[in-house]
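Per-entry structural report
As a plain string of letters, each chain reads:
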Amino acid sequence: MSRFVRPVLWTFGLLAVGGLGFWLLLALNIPYRSAATPETTPVTTPDTTPPATTPDSPPVPAPPADMSAWVTDVRPGPDDHSAVLHVDLPGCAVGPHIQVEETANRIDADVLFRPKDDPDCKQVSADFPMKTAAPIGKRPVIVNVGDAWGLVAGGWKKCDKILGCEPPADHCDPAWVAQAEFSAEAEYPGTTRACDQNWLIHDLQRHAGQAANRVAYRWAGNGWASFASANGGGCGEILAVEPKFPTSLCQALAPSL
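Residues numbered from 1 in each chain as written. Predicted model: local features only at pLDDT ≥ 70, side-chain atom pairs only at ≥ 80, totals over all residues. Heavy atoms only, no water.

**Brief notes about the overall build of the protein**
Selection criterion: By the criteria applied, helices consist of DSSP H or I runs no shorter than four residues and strands consist of E runs no shorter than two, each listed in order from the N terminus. The buried label applies to any residue whose accessible area, calculated with a 1.4 Å probe on protein chains only, is under 20% of its type's maximum; exposed applies above 50%, and partly exposed to all values in between. Should any heavy atoms of two residues lie within 4.5 Å, those residues are counted as being in contact. The Shrake-Rupley method, run with a 1.4 Å probe, gives the accessible areas here. Residue values count only the displayed protein chains as cover.
Of regular secondary structure, the protein possesses three helices and 13 strands. Going through the 257 residues of the protein one by one, you find that 28% of them count as buried. Taking all contacts inside the protein whose residues are at least 6 apart in sequence as the whole, residues at least 24 apart take part in 45%. Accessible surface, the protein: about 17700 Å² in total, of which carbon and sulfur atoms supply 60%.

Okay, structure coming up:
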């Protein structure tokens, strides 16, 4: 039995020594390192996106928009595909350049530039060559948002808004009559009662709801010029002002309505 007692005594002895060592470690308060993996806090990298604009941030100014120079003349170019635009624009204009758009019936041309904030900037004149893909021919060149210029026998000229670049040879053509209505500031098309190449009788409808006004015209070389008005029929009122007026144009006329 003694052979079993000795191992038991050794076991109790080792336990006693271990317990004494642990008690001494607690009593001395010696720090020790945990073998557990420490927790890590993720590091946020700086965002490269610029901060959002706040209500207090100053507004970012937009770049100045292009403006159109005023075209004062159109001149011949070196060939049938070209012309020269003579313009007025600020001497400190930034990036002036010509822009051309063409169709089979017209050419739209513009000289564009960016303005510069300079109180001492003065207007200057300059020439800008214009080049077209097809020959210019009889096509009008439209500038200044509506002004038409045309190439005629005597060179370039500014065209009439109603008659175009080549006015009709027939003075009784509706285009010549429309020009007379435009000059009279008539709001509605009137009615032509009689016309030859030198004389015209036309009832003008100036305003809605008003009676038409009968007007007699003579040809003035570049359009019709009024010289008399009439309310009654026949020729009496017209001949009283212009005896040379041909009676064949007015003798059968009924009174104007």
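**Notes on the sheet that holds strand S3 (residues 82–90)**
Hydrogen bonds between backbone groups are what pair the strands of a sheet, and the pairing can be parallel or antiparallel. We apply this condition: Strand pairing is assigned whenever DSSP detects at least two bridges linking the two strands. Angles shown run from 0 to 180 degrees and are taken between the N-to-C directions of axes, each axis being a line fitted to C-alpha atoms and, for helices, limited to the stretch in contact.
Ordered in space as S2-S3-S6, the three strands form an open sheet in which the pairing is antiparallel. The open sheet has two free edges, formed respectively by strand S2 (70–76) and strand S6 (123–131), since each of these has just one partner strand. In this sheet, neighbouring strand axes are inclined to one another by 25 degrees on average, regardless of whether the strands run parallel or antiparallel. Here S3 pairs with S6 via nine bridges, running antiparallel. Residue pairing for S6: Val87 is matched across the bridge by Ala126.

**Notes on the pairing of strand S13 (residues 224–230)**
For strand S12 (residues 213–219) and S13, the ladder comprises six bridges, and the chain directions are antiparallel. Its bridge partner lying in S13, Trp219 is registered against Trp224. Counting the residues that bridge the hairpin from S12 to S13 gives four residues, and of these Gly221 lies at a positive phi of roughly 95 degrees.

**A short note on the side chain of Asn144**
Let me state the cut-off plainly: In protein, a polar contact means a hydrogen-donor-capable atom and an acceptor-capable atom, both N or O and within 3.5 Å, with residues adjacent in sequence counting only if both atoms are side-chain atoms; elsewhere, any N or O pair within 3.5 Å suffices.
Within the secondary structure, Asn144 is located in the loop between strand S7 (141–143) and strand S8 (147–152). In this structure the side chain of Asn144 is engaged in a polar contact, spanning 2.9 Å, whose partner is the backbone oxygen of Val71. A polar contact of 3.3 Å, which involves the side chain of Asn144, links it to the side chain of Asp147. In this view, Asn144 contacts Ala69, Trp70 and Val71; residues no more than four positions away in its chain are not counted.

**Examining the confidence of the model for the protein**
Cut-off, in case you're wondering: Per-residue confidence from the predictor is given as pLDDT, running between 0 and 100.
Averaged over all residues, the pLDDT of the protein is 82; the fraction at 70 or higher stands at 75%. When pLDDT is averaged over each helix and strand of the protein, the minimum, 44, is found for helix H1 (residues 2–28) and the maximum, 97, for S12. Contacts from residues 1–5, a stretch scored under 50 in pLDDT, to residues over four places away or in other chains number zero contacts. Throughout residues 7–28 the model reports pLDDT below 50, and contacts reaching past four residues in sequence, or to other chains, amount to one contact.

**Some details on the packing of aromatic side chains**
In plain terms, the rule: In this analysis, rings of Phe, Tyr and Trp, with Trp reduced to its six-membered ring, are considered paired at centre separations within 6.5 Å, and the interplanar angle assigns stacked below 30 degrees, edge-to-face beyond 60, and tilted for intermediate values. Cation placement over rings: the criterion is NZ of Lys or CZ of Arg within 6 Å of the ring centroid and within 35° of the ring normal.
The tally for this structure, following the rule as stated, stands at five aromatic pairs. An angle of 80 degrees between the planes, with centres 5.3 Å apart, marks the rings of Trp219 and Trp224 as edge-to-face. Three or more aromatic residues joined by ring pairs make a cluster, and in this case those are Trp176, Trp219 and Trp224. Over the ring of Phe227 we find Arg218, and its NZ or CZ is 4.6 Å from the ring centre.

**Describing the sheet that holds strand S11 (residues 199–205)**
Read from one edge of the open sheet, four strands run S10-S11-S12-S13, paired in antiparallel fashion. Bordering the open sheet on either side are strand S10 (188–195) and S13, each of which pairs with just one other strand. On average, adjacent strands in this sheet sit at an angle of 30 degrees to one another, irrespective of strand direction. Where S11 and S12 come together, six bridges link them in antiparallel fashion. Paired with His202 across the two strands is Val215, which belongs to S12. Helix-sheet contacts for helix H2 (residues 174–183) involve S10, S11, S12 and S13, and the interaxial angle to S10 is about 125 degrees.

**Focus: the environment of Asp88**
When you line up the elements, Asp88 lands in strand S3. The exposure class of Asp88 is partly exposed, given its relative accessible area of 29%. Each residue touching Asp88, except ones within four places of it in the same chain, is listed here: Ala69, Trp70, Thr72, Gln123, Val124 and Ser125. Here Ser125 takes part through its side chain, which lies 2.9 Å from a polar atom of the side chain of Asp88.

**Examining the state of the cysteines**
Condition: Disulfide: a pair of cysteine sulfur atoms within 2.5 Å of each other.
Using the criterion set out here, one finds four disulfides in the structure. Paired by a disulfide, Cys159 and Cys165 hold their sulfur atoms 1.9 Å apart. When the S-S torsion is 95 degrees, as for the bridge of Cys159 with Cys165, the disulfide is right-handed. Taken as a pair, Cys159 and Cys165 share a single burial class, namely buried. The connectivity of the disulfide-linked cysteines in the protein, indexed sequentially, is 1-2, 3-4, 5-6, 7-8.

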